[in-house]
Amino acid sequence: MIYRDKKTQAFLLSGKNYSYAMYVNRLGMLQNLHYGAKIEKADLDYLAAHIADPQVPQADDINRDMAADVLPSEYGYYARGDYREPTAIVERSDGAVMSQFTYVSHKVQKGAPAVPGLPHMRSADETLSIVLRDAFSDTEITLHYTVCDDSDVLVRNAEIANVGKQPIVLQKAFSFCVDLPNAGYDLLRLTGNWAAERSVDVAPLGKGITRIQSLRGISSAQFNPFVALLKKACTEEQGECYGFQLVYSGSFALSVEADTHQSVRVQGGVADTAFSWTLDSGERFVAPQAALCYSAQGLGGLSRAYADCIRERIVHPKWAYHKRPIVVNNWEATYFDFTAEKLFPIIDEAAKLGIDTFVLDDGWFGKRDSDRSGLGDWTINEKKLNGGLHTVIDRCKQRGLRFGLWFEPEMVNEDSDLFRKHPDYALAKTGVEPCRSRFQLLLDFTRADVVDYIFASVSKVIKEHDIAYVKWDMNRYLTECYSAKLPADRQGEFMHRYILGVYDLAERLTSAFPDVFFEGCASGGARFDAGAAYYFPQTWTSDNTDAYDRTKIQWGTSLCYPLSTMSCHVSACPNHQTGRTLPLATRGAIASLGATGYELDLSKLTDAEKAECKRQVEAYGRIADLMLTGDLYRLRNPFTDNEFCVMVVSKDKSTAYVVGERFRTTPRGPAIRLPLTGLDAAKTYYIEELDATASGKALRSVGATMPDLHDGESFAWHIREVKH
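Residues numbered from 1 in each chain as written. Predicted model: local features only at pLDDT ≥ 70, side-chain atom pairs only at ≥ 80, totals over all residues. Heavy atoms only, no water.

Some words on the overall build of the protein chain
Line of reasoning, step 1. Regarding its fold elements, the protein chain presents 14 helices and 38 strands.
Line of reasoning, step 2. For the protein chain, the C-alpha atoms occupy an extent of roughly 85 × 70 × 45 Å along the three principal directions.
Line of reasoning, step 3. Counted over contacts in the protein chain with a minimum sequence separation of 6, partners at least 24 positions apart contribute 69%.
Line of reasoning, step 4. Approximately 26,400 Å² of the protein chain is accessible, and the part contributed by carbon and sulfur atoms is 50%.
Line of reasoning, step 5. Averaging the coordinates of the 81 positive side-chain charges in the protein chain and doing the same for the 94 negative ones gives two points 2 Å apart. (Helix = DSSP H or I, 4+ residues; strand = E, 2+ residues; numbered from the N terminus. Contact = heavy atoms within 4.5 Å. Areas by Shrake-Rupley, 256 points an atom, 1.4 Å probe, with all protein chains shown as cover. Lys, Arg positive; Asp, Glu negative; His and termini not counted. Charge placed at Lys NZ, Arg CZ, Asp CG, Glu CD.)

Focus on the sheet that holds strand β31 (residues 631-636)
Line of reasoning, step 1. Spatially, β31-β32-β33-β38-β35-β36 is the arrangement adopted by the 6 strands of the open sheet, whose pairing is antiparallel. If you trace the sheet from one side to the other, it starts and ends with β31 and β36 (692-695), each paired once. In this sheet, adjacent strand axes meet at a mean angle of 20° when their direction is disregarded.
Line of reasoning, step 2. Two elements, strand β35 (residues 684-687) and strand β38 (residues 714-721), share 3 bridges in a ladder whose sense is antiparallel. (Pairing = 2+ DSSP bridges. Axes fitted to C-alpha atoms, helices over the stretch in contact; angles between N-to-C directions.)

Structural notes on the packing of helix α5 (residues 340-353) against helix α13 (residues 607-629)
Line of reasoning, step 1. Interaxial distance between α5 and α13 falls to 9 Å at its minimum, and their mutual angle equals 55°. What the angle tells us is that α5 and α13 run oblique. Contacts between α5 and α13 involve E349, K352 and L353 on the former and, on the latter, K610, C613, K614 and V617.
Line of reasoning, step 2. Partitioning the contact of α5 with α13 into residue classes produces 3 nonpolar, no polar and 4 charged. (Parallel < 35°, antiparallel > 145°, perpendicular 65-115°, else oblique. Nonpolar A, V, L, I, M, F, W, Y, C, P; charged D, E, K, R; others polar.)

Some details on the environment of T665
Line of reasoning, step 1. With respect to the secondary-structure elements, T665 resides in the loop between β33 (655-662) and β34 (673-674).
Line of reasoning, step 2. Residue T665 is classed as partly exposed on the basis of its relative accessible area, which comes to 33%.
Line of reasoning, step 3. C-alpha separation for the pair T665 and S175, spaced 490 residues apart in sequence, amounts to 48 Å.
Line of reasoning, step 4. When residues no more than four places from it in sequence are discounted, the contact partners of T665 are L709, H710 and D711. (Buried < 20%, exposed > 50% of the residue type's maximum accessible area, 1.4 Å probe, protein only.)

Describing the pairing of strand β15 (residues 241-246)
Successive residues of a regular strand alternate their side chains across the two faces of the sheet.
Line of reasoning, step 1. Counting buried positions along β15 yields 6 of 6 residues, so the element is predominantly enclosed.
Line of reasoning, step 2. Judged by which residues are buried, β15 turns out to be covered on both faces: C241, G243 and Q245 on one side and Y242, F244 and L246 on the other are all buried.
Line of reasoning, step 3. Bridge count between β15 and strand β20 (residues 290-295): 6 bridges; the pairing is antiparallel. In the sheet register, F244 faces β20, and the bridge partner there is L292.

Some thoughts on the sheet that holds strand β2 (residues 10-14)
Line of reasoning, step 1. With antiparallel pairing, the 4 strands of this open sheet are ordered in space as β1-β2-β3-β4. Both outer strands of the open sheet, β1 (2-5) and β4 (30-37), are each paired with one neighbouring strand and no more. In this sheet, neighbouring strand axes are inclined to one another by 15° on average, regardless of whether the strands run parallel or antiparallel.
Line of reasoning, step 2. Pairing between β1 and β2: 4 bridges, direction antiparallel. Paired with Y3 across the bridge in β2 is L12.
Line of reasoning, step 3. Against the sheet, helix α1 (residues 43-52) engages β1, β2, β3 (18-24) and β4, with an angle of about 115° to β4.

Quick look at the layout of surface pockets
Line of reasoning, step 1. Approximately 430 Å³ is the volume found for the largest pocket.
Line of reasoning, step 2. Listing elements by their share of the lining of the largest pocket, those giving two or more residues are β4, α1 and β10 (168-181).
Line of reasoning, step 3. A per-element tally of the lining of the largest pocket places β4 first, with 6 residues.
Line of reasoning, step 4. Looking at the lining of the largest pocket residue by residue, the class counts come to 12 nonpolar, 8 polar and 4 charged. (1 Å grid on protein atoms, 1.4 Å probe; cavity = no way out; pocket = protein on both sides within 12 Å on 5 of 7 lines; lining within 4 Å. Points joined across faces, edges and corners; volume = space filled by probe spheres on them.)

Structural notes on the packing of helix α12 (residues 584-591) against α13
Line of reasoning, step 1. In the contact formed by α12 and α13, the axes pass within 10 Å of each other and the chain directions differ by 20°. By the angle class used here, α12 and α13 are roughly parallel. Considering only the axes of α12 and α13, their crossing is right-handed. Packed against α12, whose contacting residues are L584, A585 and G588, the element α13 presents E609, E612, C613 and Q616 at the interface.
Line of reasoning, step 2. Of the residues belonging to the contact of α12 with α13, the class tally is 3 nonpolar, 2 polar and 2 charged. (Left-handed = near helix turned anticlockwise from the far one by under 90°.)

Concerning the pattern of salt bridges
Line of reasoning, step 1. The final tally for this structure, using the stated rule, is 61 salt bridges.
Line of reasoning, step 2. A single salt-bridge network, built from bridges that share partners, covers R636, D641, E643, R662 and D708. (Salt bridge = Lys/Arg side-chain N within 4 Å of Asp/Glu carboxyl O.)

A closer look at the side chain of K610
Line of reasoning, step 1. Locating K610 in the fold gives a position in helix α13.
Line of reasoning, step 2. The contact partners of K610, leaving out residues within four places of it in the chain, are E349, L353, L602, S603 and L605.

Looking at empty space enclosed by the protein
Line of reasoning, step 1. Inspection of the entire model under this criterion finds 7 cavities of 30 Å³ or more.
Line of reasoning, step 2. When its volume is computed, the largest cavity comes out at roughly 100 Å³.
Line of reasoning, step 3. A307, L563, G630, D631 and L632 are the residues nearest the centre of the largest cavity, which is lined by 15 residues in total.
Line of reasoning, step 4. Where the lining of the largest cavity is concerned, the elements lending two or more residues are α2 (298-313), α13 and β31.
Line of reasoning, step 5. Tallied by class, residues from the lining of the largest cavity come to 8 nonpolar, 3 polar and 4 charged.
Line of reasoning, step 6. Of the pockets and cavities examined, the second largest cavity occupies roughly 70 Å³.
Line of reasoning, step 7. Around the second largest cavity sit T551, Q554, W555, S558, L563, L593, L632, R634, F644 and V646, which together line it.
Line of reasoning, step 8. Those elements giving two or more residues to the lining of the second largest cavity turn out to be α11 (549-557), β31 and β32 (643-649).
Line of reasoning, step 9. Top element by residues in the lining of the second largest cavity is α11. It accounts for 3 residues.

Focus: unusual backbone geometry
Glycine aside, negative phi is the norm for most residues, and most peptide bonds take the trans geometry.
Line of reasoning, step 1. Here the amide bond leading from C573 into P574 is cis, since omega sits at 0°, within 30 degrees of zero.
Line of reasoning, step 2. Structurally, P574 is set in the loop between β29 (566-571) and α12.
Line of reasoning, step 3. We note that C481 has phi near 50°; this positive angle belongs to a residue other than glycine.
Line of reasoning, step 4. Inspection of the secondary structure puts C481 in the loop between β26 (469-472) and α9 (494-512).
Line of reasoning, step 5. Of note, the phi angle at S523 is positive, near 50°, even though the residue is not glycine.
Line of reasoning, step 6. For S523, the position within the fold is in the loop between β27 (517-520) and α10 (530-535).

As structure tokens, this is what we get:
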């Protein structure tokens, strides 16, 4: 719901459980009034008159501009009395950069706004668009606020337009700005590295600026484009918190500034380090969307709101609730060392176990027997695969499996036909030795001709083969960050233009092949973000498939992404990343909490292990819909507890699935009581594995006792409502 009060020039935006209010103050500034629990339309007069107005100087006050430093602005300006970080910096032809953004007009329209070239919310109820004008340049900024009545997620972004005749240069162009009163929050961020993505880091927010960013060309394993502010009483299921998540996959920045006036400014968007963007007359820059979320039901409420929003409004509708393929991927089974004959036993065994998709990973193309050559040559290596891909695809069809294929479209090896023919396609600066990672260079995706070439070569493979599944990988970060095709004064546009090229290719491929299921990957989970989810219904969560480490990786990921977007596979032991050995049942239990599959040589399993895998595949069929649609409740935190435990509950609260793992045995340790908080207190439930019946009220408040487990052991409970 979007409401405007003409008397106060105030706007009230309300979703499922929140309200967001702002008004045009007497200086013409768009000032925030409230973001949090729901308020009424009638409250706007009180907020404006008794909360906001006392802070705003009179229009004729000679010192009025200097008051900007304490006013909660909807889009921070620069060098005119507001000394906090600005949201945008606009440079004119004379080098001046001062700005002051004031209200011009607004409009309300049904649905979600178009965001050309960028992933975005696909559907919504209403969008408020407010136009601000810079007092010192011919620059207009349109702020979009997109509201869904049944959601706690508010989506924002900004468009900056040059409405004058002279060029302007954007030195910074963030998507949003929110000023909140009453500092004293804890700041939650998701940090990590390769094989340790999205670890949860919570610390008190101190005075000054805390900046979370990636300058790596993609959202990265090091910092995810998400932060949350937690009030001191916030827990998993109680208390207030705010989430800020970018719908973006490139270099980004999120800034949280606690000032000396006891307020907090949160803002973010395209990373502004070495950024510049020239706007000629009539041109505009569209910043990526940001998904803001308020929860009064703790982090769990925040997670569930984000999960619903991403599933329902960002993931493509065709795939959002489509049953996920249960795959076996050959990478850890064979690495580069395979032939069709070596793959056949894996395919044959997969069919016996009930797996429905075989995915052929790296090594099927060009001269590709290691990571030193072949990238960019998307032609079948018939020396390795006698008869080409058709030989493997036919075997899959004979066994009733679909076929999937791995690509790494953004990369090239110097030892490749593509590089020998078009060395200029690779990112490089003449006279500068390029950084090499995994013996590969990046293709210049700022160039339309490069994107066109990759689209044509990848499309040719898909068109000529019966491919149901594509895994899109990206195995190194950007360096050099220079395009020979961009003018010198536009090199600051490189990073954003690169990811626009990636989005262009993803849009074209997914549109050209609407029946192919695309999975994202970036050396594991280095591009796991809401922008990627727009094109890829699921993403490889991490190269680390160890069932102990995965409890932490999947826990952190679940804070702002749905389970259905996480690829979670069972792999061999000792684990290839950690060397750890855990029971196969535990590996299956943890992998069931998402889009499941296998990353091993099925033909080398014992008969008992094959029987266990078949049981896992059959058991997953029982809970597959829950992974697509259910609500997640986190019960035991692997970052702080000796156990991991989560439960997934159906929307109607009729069924639930609980999975837990104990890390270390504690002799005569305490019995762990698990309050099953997601159940309906008014219903009665049966826990199948315990052969126990109890009211939802008892299971929520008293709980159920976790089994006595040894190191690395797990359990799973299936719970269903008892109908009277």
